[in-house]
Every structure is written in C-alpha cells, then in structure tokens.
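Here is how the chains run, residue by residue.
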Amino acid sequence: MIDLTAPLLEWYGKNKRALPWRESRDAYRVWVSEIMLQQTRIQAVMGYYERFMTAFPTVEALAAAPEEAVLKLWEGLGYYSRARNLHKCAKEVVSRYGGRFPADVKALRALPGIGDYTAGAIASIAFALPAAAVDGNVLRVHARLTADSTPVSDTSHRKAVARELTALYPAGHCGDFTSALMELGETVCLPGAPRCAACPLQTLCEANARGETELYPVMGEKKPRRIEERNVLLLLRGNRIALRKRPEKGLLAGLWEFPDGEVPENAEFCGEAVHIFTHVEWHMKGYILRDAPEGDYRWFTREERQALTVPTAFRFYTAIADSLGF
C-alpha cells in the first residue's frame, strides 16, 4: 500500500476536531469512548461520555459501581451488552491488572467486550503501539485509496487491511495515525458523497483517479431484518405500573420492559411505535389497562420506574406512562 502517513498526519494536525476523549491519552478514557462510539454517532456520545466520566472517573470507580447504575447512565445509547461488558471489563482490569490496562494488543483483546478494533485503538492511542483500529470508516478510506472491490463485510478482509495499515504506522505518532484515519473517514471520505477536494490523500487515491469513488466500498449482501409484532401493555394498579425484567441473555438482556402478550378486552389502545435493531424490527401496539390484575411482573411507582433502565425501544410508551403520572 502507498505510504500515506506524512500528508495524513499533516492534515490531521491542522484539522482534528476538539473532542472530550482526545484531551487525554489515558487508556481508561480511550476505552470508554471507543466502546461508546461503536455504532453510535459522535454527537450522541458527547453528553454520555462526560456524564460517565463524572460518575466513574476511574476504572476502579466503574468496577465498584452497581450494574444497575451503569445501565442507567447508558440508557438511550442502545446496544446494552456494551455497558455490561464495560462493567465486566472494568472488574477484570482491577482484579487482574491492578487497575492498569495492559499495554499489549493480545491481552487487551482477551478482555470482555474488546475486539480487534478497540484493542487496536487503545494500544495505538494510549500506548503508542503500531496497531491498526479498523472500523467502517477506515475500511471505506482503504477501499477508495486502493480501489479494492472486496466486500468490506468480509472478516478476513478486515484483518488483511489491519495488517496492511499496521505496517505503515509511524514510530512516535501511532495514536495520531489511528485518529487521523478515523477522522478522515468521519469528516471527508464520507459514504455516498466524499469531499475529495478537501482530502489530503486525493492525489494518492486510485478510486479518485478513476472517477469511481461512488463504487467503493463494496458492501456485502445484507439479510433483511425479521419483523416481530408486539403488544405493549401499560398495566396500572393504584399508583403503580407493571414492569418485568427481560431474560439475562439475548436482546436487551436483563433490562426492564413493559409486559407484552394478549390484549385484555377492556384495555385502551394508546398508539403504535416501531423500533429498529440491527437484525430485527419491533412493530408495537400499546394498550393501557387500569386496575390490572397480578401477573409475572413487578409494580413500581413513577419514581421507582424512572430509576430503572427501560430501553429506548419503549420510549413512546415511557412518555405515555409519564403523561399519566406513572
């Protein structure tokens, strides 16, 4: 692969955005930010990151926190397995490494919730090691630079790109090189409509030379999401509303939800909502039932419910519960 380090680093030095997680190369802060940024827009993460750092300023503080407190702070970010793995990982870093993240890619990769990308990001940014962090943005940059038509969803291709880029890492600038590649993909080499005129690698880009930037990257075939129909029941009793905990494994594991199931005859329809996950869509219809009977759920006052982690999949119905005073 062409050597793109000099123009990329020069561009990054002049154009990098001021982001809160860039204020420190501390491994804990790098790790938290990278986990939060997985499949989540930067603007959505900003407030969460700052609140998380205030609540849990160190890995020891995070490890010592109750899981429910961690999940509550994560509420709204989605992909809650990230928060659970964050908590598990913090405990392991404290118990196994005395609160210091290992400066080794393989050791990082062995920690809960840390994959190749996150291990590369921590290793390069926090420990200045030549380790590529290859995400969708970096794959797009690579595909256009090299006019590579290999589907970017191919796992072996991702590993090959990581090896190729790792060989280019400049000593003393590993963290900046990782951040620069991410920044280029996030702000210039955009999907659909790249800003080629603003790109420091324009003259090195094979897809640009061919006038074919729109052809890259090549995406793998996506399976259609399956659709699940759900009845969401707002069961009211006195000044309490019913919630139940989801199973400890699977989608939204261990979080609280409004019950679903057969709709009682005297229930009042309160609206429809759709929530899209990666592989499934929930098409929901909501119903309110006052003076509801007992069942396989628990009863909470409004204040108690608001202290629990109810996923944003139910945001529409949470707002209705709020409006009713439950």
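Residues numbered from 1 in each chain as written. Predicted model: local features only at pLDDT ≥ 70, side-chain atom pairs only at ≥ 80, totals over all residues. Heavy atoms only, no water.

**Structural notes on the overall build of the protein**
- Helix and strand content of the protein: 14 helices and six strands.
- With the C-alpha coordinates aligned to their principal axes, the bounding extent of the protein is approximately 70 × 50 × 30 Å.
- Going through the 326 residues of the protein one by one, you find that 48% of them count as buried.
- A fraction of 68% describes how many contacts in the protein between residues 6 or more apart in sequence connect residues 24 or more apart.
- When the accessible surface of the protein is totalled, it reaches about 16100 Å², and 51% of it is carbon and sulfur.
- Here the protein contributes 41 positively and 40 negatively charged side chains, and the mean placements of these two sets differ by 2 Å. (Helix = DSSP H or I, 4+ residues; strand = E, 2+ residues; numbered from the N terminus. Buried < 20%, exposed > 50% of the residue type's maximum accessible area, 1.4 Å probe, protein only. Contact = heavy atoms within 4.5 Å. Areas by Shrake-Rupley, 256 points an atom, 1.4 Å probe, with all protein chains shown as cover. Lys, Arg positive; Asp, Glu negative; His and termini not counted. Charge placed at Lys NZ, Arg CZ, Asp CG, Glu CD.)

**Details of the nonpolar core**
- With 69 residues, the main nonpolar core has Tyr28, Trp31, Phe52, Phe101 and Phe258 as its most contacted residues.
- The greatest single-element share of this core, amounting to eight residues, is contributed by helix H2 (residues 27-37).
- Each residue touching Phe258, except ones within four places of it in the same chain, is listed here: Val232, Leu233, Leu234, Ile241, Ala242, Leu243, Arg305, Val310, Phe314, Tyr317, Thr318 and Ala321.
- Core analysis: the second largest hydrophobic core is formed by 30 residues, Tyr12, Leu139, Ala162 and Cys174 among them. (Core = buried A, V, L, I, M, F, W, Y, C linked by side-chain atoms within 4.5 Å.)

**Comments concerning the environment of Leu234**
- In this fold, Leu234 is placed in strand E1 (residues 226-237).
- Residue class for Leu234 comes out buried when judged on its relative accessible area of 0%.
- Sequence separation of Leu234 and Phe326 is 92 residues, and the distance between their C-alpha atoms is 9.5 Å.
- Every residue in contact with Leu234, bar those within four places of it in the chain, is listed here: Ile241, Phe258, Tyr287, Ile288, Leu289, Tyr317, Ile320 and Ala321.

**Some remarks on the pattern of salt bridges**
- Following the criterion strictly, the structure yields 23 salt bridges and no others.
- Between Glu257 and Arg230 there is a salt bridge whose closest N-O contact spans 3.2 Å. Separated by 27 residues along the polypeptide, Glu257 in strand E3 (residues 256-257) and Arg230 in strand E1 bring together distant segments of the chain. Here the two residues Glu257 and Arg230 agree in accessibility, since each one is buried.
- Arg244 is the partner of Asp296 in a salt bridge, and the nearest nitrogen-oxygen pair spans 4.0 Å. Of this pair, Asp296 sits in the loop between strand E5 (280-289) and strand E6 (298-300) while Arg244 sits in strand E2 (residues 240-245); the two residues are 52 residues apart in sequence, bridging distant segments of the chain.
- The class of Arg244 is buried, set by a relative accessible area of 19%. (Salt bridge = Lys/Arg side-chain N within 4 Å of Asp/Glu carboxyl O.)

**Quick word on the environment of Gly113**
- Tracing the backbone through its elements, the reader meets Gly113 in the loop between helix H7 (105-109) and helix H8 (116-127).
- The exposure class of Gly113 is partly exposed, given its relative accessible area of 37%.
- Between the C-alpha atoms of Gly113 and Arg140, which are 27 residues apart in sequence, the distance is 24 Å.
- Not counting residues within four places of it along the chain, the set of residues in contact with Gly113 comprises Ile35 and Asn85.

**What about the pairing of E2?**
- Relative to E2, E1 runs antiparallel, the two being bridged by two bridges. Its bridge partner being in E2, Leu236 is matched across the sheet by Ile241.
- A loop of two residues connects E1 with E2, the two strands running antiparallel in sequence, and Gly238 in this loop sits at a positive phi of about 60 degrees.
- Sheet topology places E2 next to E6; three bridges connect them, and they run antiparallel. From the neighbouring strand, Ile241 faces E6, where its bridge partner is Phe300.
- With two bridges connecting them, E2 and E3 associate as antiparallel partners. Bridging across to E3, Lys245 finds its partner in Trp256. (Pairing = 2+ DSSP bridges.)

**Notes on helix H5 (residues 67-74)**
- When we look at burial in H5, the residues that qualify are Val70, Leu71 and Trp74. For H5, the buried positions fall inside an angular range of 95 degrees around the axis, keeping them on one side.
- The elements touched by buried residues of H5 are H2, helix H3 (42-55), helix H4 (59-64) and helix H6 (81-97). (Arc of directions from axis to C-beta.)

**Some thoughts on H8**
- Taking 1.5 Å of rise per residue, twelve residues should cover 16 Å, and H8 covers 15 Å from first to last C-alpha, within 8% of that figure.
- Counting buried residues in H8 gives nine out of twelve residues, a clear majority hidden from the surface.
- Listing the buried residues of H8 in full gives Tyr117, Thr118, Ala119, Gly120, Ala121, Ile122, Ala123, Ser124 and Ile125.
- Packing partners of the buried residues in H8 comprise H2, H7 and helix H11 (174-187).
- Just past H8, the residue Ala128 takes up positive phi, approximately 55 degrees. (Expected span 1.5 Å × (residues − 1).)

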